[in-house]
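# Observations on the three-dimensional arrangement
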Protein chains: 2
Amino acid sequence: MAANKHDDSVIEASKAIVASLPPMKDLTTDNITENVHAINSQTPDPRLKYLLDRLVVHLHELARETRLSTDEWMAGIMFLTSVGQICTDVRQEFILLSDVLGLSLLVDSIDHPKPPNSTEGTVLGPFHTHEAPHSSLGSDISSDPDGEPCLVVCTLKDVSGKPIEGAKIDVWETDSKGFYDVQYKERDGPDGRAVLTSDKNGDFFFKAIVPVPYPIPHDGPVGKLLKLLKRHPYRPSHMHFMFAKDGFDPLITALYLRNDPFESSDAVFGVKDSLVVELGKVNAEQAKKYDVKEGSALIEYAFVLVTDQEAQELREKKAMEAMKAQGRKMKMWKGLPIPDLD
Amino acid sequence: MAANKHDDSVIEASKAIVASLPPMKDLTTDNITENVHAINSQTPDPRLKYLLDRLVVHLHELARETRLSTDEWMAGIMFLTSVGQICTDVRQEFILLSDVLGLSLLVDSIDHPKPPNSTEGTVLGPFHTHEAPHSSLGSDISSDPDGEPCLVVCTLKDVSGKPIEGAKIDVWETDSKGFYDVQYKERDGPDGRAVLTSDKNGDFFFKAIVPVPYPIPHDGPVGKLLKLLKRHPYRPSHMHFMFAKDGFDPLITALYLRNDPFESSDAVFGVKDSLVVELGKVNAEQAKKYDVKEGSALIEYAFVLVTDQEAQELREKKAMEAMKAQGRKMKMWKGLPIPDLD
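Residues numbered from 1 in each chain as written. Chains lettered and ligands numbered in written order. Predicted model: local features only at pLDDT ≥ 70, side-chain atom pairs only at ≥ 80, totals over all residues. Heavy atoms only, no water.

Here is the rule we go by: UniProt positions are given in the numbering used here, feature names are shortened, and annotations may be inferred rather than shown by experiment.
Naming follows an unreviewed UniProt entry, where chain A appears as Intradiol ring-cleavage dioxygenase-1 of Coleophoma crateriformis. Heading Cofactor (unreviewed entry) of the UniProt record for chain A holds this comment: "Fe(3+)". For the record of chain A, the UniProt heading Sequence similarities (unreviewed entry) holds the text "Belongs to the intradiol ring-cleavage dioxygenase family."

Right, dumping it as structure tokens:
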């Protein structure tokens, strides 16, 4: 574009592609979908082909079912544009949009099915970063002097009860005002977040602050949408956890505080009862062991990871069940379903 | 956010909203959709409610049907973000995305149904601007010295054959290299575009250049998608027209040249046979009348607009037929369908 000359090789390659395509002209409400499929079916990637096939079907059905008007279509175009334009290195409005539409929770449920005896997952949210420092166990992850100190003491095991040593654990939370570090324009580094490693007993512990409820960023297009829908932007008090360990299915989850005003009305649908904890109090023994004040706030939790193999088997089993229920003949390809054309 | 203090009134208003909502927790693959509907149903706008209902159903079904993985979801998030980020005042990548997925053509077909004896519509494309000068009939809209001069002579009538005087007609085309004016970084104003007015006989005419095939912008995310799908980015040679006149349904359309290499393989699905014209030659009489060279290129076309009322009646008739075929009990509200709950 800079040179304002179209590449001659592209037109020649394009003419060659045309020769291999069925002619398409006079497309209407009734035949456009099959023609888009035909032209998209040139891709050699069977998964991409399946994804595009379903995407186009649902996009077109949405327009047909609603008789989408040109004005509404343009409003949608401008909305998506503004969602993209407000994104920065530290703000991900499309994740936020996915969150408030329940898609994030759904994708996590599909991709990380959990056997009954393991820890449930929940939404990642848009505030995870890769810049948290690696901290030693017992570190204080928050520098907020106004936060109520909170000791967090956890265990990490597999489903058979065996401790998991050496797992990488990302934790992140807001400050006492309900803002993540990245929401401050003038910030000099990560705060309210850390990367920890579980010890040989599968234990990990750190000092933090008691989480507070906070609104998701609602000064942008997603906030405008929530307002139009008469929805509130609040998330109940929670602390994020992400676990990674070779051989185990990655777990993205969070702990929520019991009796938060938004416990049953999370703007991003993330709360699961198994992840709701009572805020406890540090006893004398713990106060001494972890060098914190007796009677200060305490969160305790026993996390349980499933192995890669367990997760994959369950994922594939559920996928095949779902495909069967839809009457589709599918097979697995690189761990994901594609149409079985044989 | 700038002040880094959440507005206290928002949390109070949010608590009030919570009280009116059904509690939602422990959301799964199976129950997330109905819960998102419940929370979105607070909006007093019945059309927005219906649009969100269908959007969420299709978005969730897409994830369920494909067993969308977290990696694929994240690839989608990053793709949409890049589509939004490349947009500028003069580049609309979301319209381009809608175009290559066939959505633009579909929405135009739904929203602007045409009786058989009227001119068909087609895709707007991302290159219409509102900065074209109002030009008198016979003006030369292109300053490109390398373009092949082309006289365009058209009539504009209603379906009964009555001339339409005083219609506002936007016309736009690329230069001879296949670029619109806005695709040049250093440009000093509109070129290859004009706004004309039909005369008392419903006639309008202007000097332009013979359109050439060109690729849609393929240096961005949409181009990458086309490449993955083994699709070419070319559009056949065409000239855009947009008509506005009180009492008539707006018409967005284009004329295409017969025997273009991409006539049956438009990257954005826009070609309709009724809009394909043979490139003619200016005869002696025309040469004299329009002050152009005899034998130079000529495009002639007779455009026919439908009235607002005709269009609305046809739109509503087709909408009700489609709703009936889907088994939905609907009614019209401000000209668009919503569920009939009575």
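## Overview of the overall build of chain A
Rules: Working definition: helices are DSSP H or I runs of at least four residues, strands are E runs of at least two. Numbering for both runs from the N terminus. Classification of residues uses two cut-offs on accessible area relative to the type maximum, computed with a 1.4 Å probe and protein chains only: under 20% is buried, over 50% is exposed, and between them is partly exposed. By definition in these notes, contact holds between two residues if any of their heavy atoms fall within 4.5 Å. To be clear on the numbers: accessible area is Shrake-Rupley with a 1.4 Å probe, and residue cover counts the displayed protein chains and nothing else. Neither His nor the chain ends is counted toward charge; the positive residues are Lys and Arg and the negative residues Asp and Glu. Taken as the charge location is NZ of Lys, CZ of Arg, CG of Asp or CD of Glu.
Within chain A, the regular secondary structure consists of 9 helices and 13 strands. If one aligns the C-alpha atoms of chain A with their principal axes, the spans along those axes are about 80 × 45 × 40 Å. Within the span of chain A, comprising 342 residues, buried residues form 57% of the whole. Expressed as a percentage of contacts within chain A between residues at least 6 apart in sequence, the contacts between residues at least 24 apart total 69%. Carbon and sulfur atoms provide 53% of the accessible area of chain A, an area that totals close to 14,800 Å². Averaging the positions of the 39 positive and the 53 negative side-chain charges in chain A gives two centres separated by 3 Å.

## A few points about the packing of helix 2 (residues 32-40) of chain A against helix 3 (residues 46-66) of chain A
Two quantities define a packed helix pair, namely the angle between the axes and the distance from one axis to the other. Residues and elements named next belong to chain A. Here is the rule we go by: For helices, the fitted axis covers only the stretch in contact; all axes are lines through C-alpha atoms, and the angles between them, taken along N-to-C directions, range from 0 to 180 degrees. Reported orientations rely on four angle classes, namely roughly parallel under 35 degrees, roughly antiparallel over 145, roughly perpendicular from 65 to 115, and oblique for the rest. Handedness of a crossing follows from how the near helix is turned relative to the far one, being left-handed for an anticlockwise turn of less than a right angle and right-handed for a clockwise one. Polarity classes work like this: nonpolar for Ala, Val, Leu, Ile, Met, Phe, Trp, Tyr, Cys and Pro, charged for Asp, Glu, Lys and Arg, and polar for all others, with Gly in that last group.
Packing of helix 2 against helix 3 brings their axes to within 10 Å, and their N-to-C directions diverge by 160°. Relative to helix 3, the element helix 2 lies roughly antiparallel. Crossing geometry of helix 2 relative to helix 3 is assigned as right-handed. Facing Ile32, Thr33, Val36, His37 and Asn40 of helix 2, the residues of helix 3 in contact are Leu52, Asp53, Val56, Val57, His60 and Arg64. Grouping the amino acids of the contact of helix 2 with helix 3 by side-chain chemistry returns 5 nonpolar, 4 polar and 2 charged.

## So, the domain arrangement of chain A
In many reports, interface size means the accessible area that the parts give up when they come together. Note the following rule: Each domain's limits were defined by an automated method or a database of domain assignments.
Taken domain by domain, chain A comprises domain 1 (17-68), domain 2 (116-306) and domain 3 (316-342). A straight line from the C-alpha centre of domain 1 of chain A to that of domain 2 of chain A covers 43 Å.

## Things to note about the packing of helix 6 (residues 103-111) of chain A against helix 3 (residues 46-66) of chain B
Contact geometry of helix 6 of chain A with helix 3 of chain B gives a least axis separation of 10 Å together with a crossing angle of 15°. With respect to helix 3 of chain B, the axis of helix 6 of chain A lies roughly parallel. At the point where helix 6 of chain A passes helix 3 of chain B, the crossing takes the right-handed sense. In this structure, helix 6 of chain A uses Leu103, Leu106, Val107 and Ile110 of chain A to contact helix 3 of chain B, whose residues at the interface are Leu59, His60, Ala63 and Arg64 of chain B. Among the residues making up the contact of helix 6 of chain A with helix 3 of chain B, the classes are represented as 6 nonpolar, 1 polar and 1 charged.

## Details of the nonpolar core
Nonpolar side chains in soluble globular proteins tend to be buried together. Counted only if it meets this: Here, nonpolar core refers to any group of buried Ala, Val, Leu, Ile, Met, Phe, Trp, Tyr and Cys residues whose side-chain atoms link them within 4.5 Å.
Formed by 72 residues in total, the largest nonpolar core has its most connected members in Val100 of chain A together with Leu97 and Val100 of chain B. Setting aside residues no more than four positions away along its own chain, Leu97 of chain B makes contact with Phe79, Leu80, Val83, Val222 and Leu225 of chain B.

## Description of the UniProt feature "domain: Catechol dioxygenase N-terminal" (unreviewed entry) in chain A
In the numbering used here, UniProt assigns the "domain: Catechol dioxygenase N-terminal" (unreviewed entry) feature to residues 45-117 of chain A. Helix makes up 75% of residues 45-117 of chain A and strand 0%, with an end-to-end C-alpha separation of 37 Å.

## A few points about the side chain of Asp99 of chain B
All names here are of chain B. Applicable threshold: By salt bridge we mean one thing: a side-chain nitrogen of Lys or Arg within 4 Å of a carboxyl oxygen of Asp or Glu.
When you line up the elements, Asp99 lands in helix 5 (residues 93-100). Of the side chains with opposite charge, Arg235 lies nearest to the buried Asp99, which makes no salt bridge, at 6.6 Å. What Asp99 contacts, discounting residues up to four positions off in sequence, is Ser104, Val123, Gly125, Pro126, Ala267, Val268 and Phe269.

## Quick word on the UniProt feature "domain: Intradiol ring-cleavage dioxygenases" (unreviewed entry) in chain A
UniProt annotation of "domain: Intradiol ring-cleavage dioxygenases" (unreviewed entry) refers to residues 125-293 of chain A when read in the numbering used here. With 9% helix and 29% strand, residues 125-293 of chain A has its two end C-alpha atoms placed 32 Å apart.

## Topic: unusual backbone geometry
Keep in mind that most residues, glycine aside, have a negative phi and that most peptide bonds are trans. For Asn259 of chain B, which is not glycine, the phi torsion reads 70° and is therefore positive. Within the secondary structure, Asn259 of chain B sits in the loop between strand 8 (251-257) and strand 9 (276-277).

## Some points on the sheet that holds strand 3 (residues 193-197) of chain B
All names here are of chain B. Threshold: Strands pair, by our definition, only if DSSP identifies at least two bridges between them.
Spatially, the 5 strands line up as an open sheet ordered 3-2-7-8-9, and their pairing is mixed. Strand pairing shows two members of the sheet lacking a second neighbour, strand 3 and strand 9, which therefore form its edges. Looking at chain direction, strand 2 (residues 168-172) and strand 3 are connected through 5 bridges and run antiparallel. Looking at the pairing, Ile169 lines up with Leu196 of strand 3.

## Re the sheet that holds strand 3 (residues 193-197) of chain A
Sheet strands associate in pairs through backbone hydrogen bonding, adopting either a parallel or an antiparallel arrangement. Residue and element names in this part refer to chain A. Pairing is mixed in the open sheet, where 5 strands are placed in the order 3-2-7-8-9. Each edge of the open sheet is held by one strand with a lone partner, namely strand 3 and strand 9 (276-277). The pairing of strand 7 (residues 238-244) with strand 8 (residues 251-257) spans 6 bridges and is antiparallel. Paired with His238 across the two strands is Tyr256, which belongs to strand 8.

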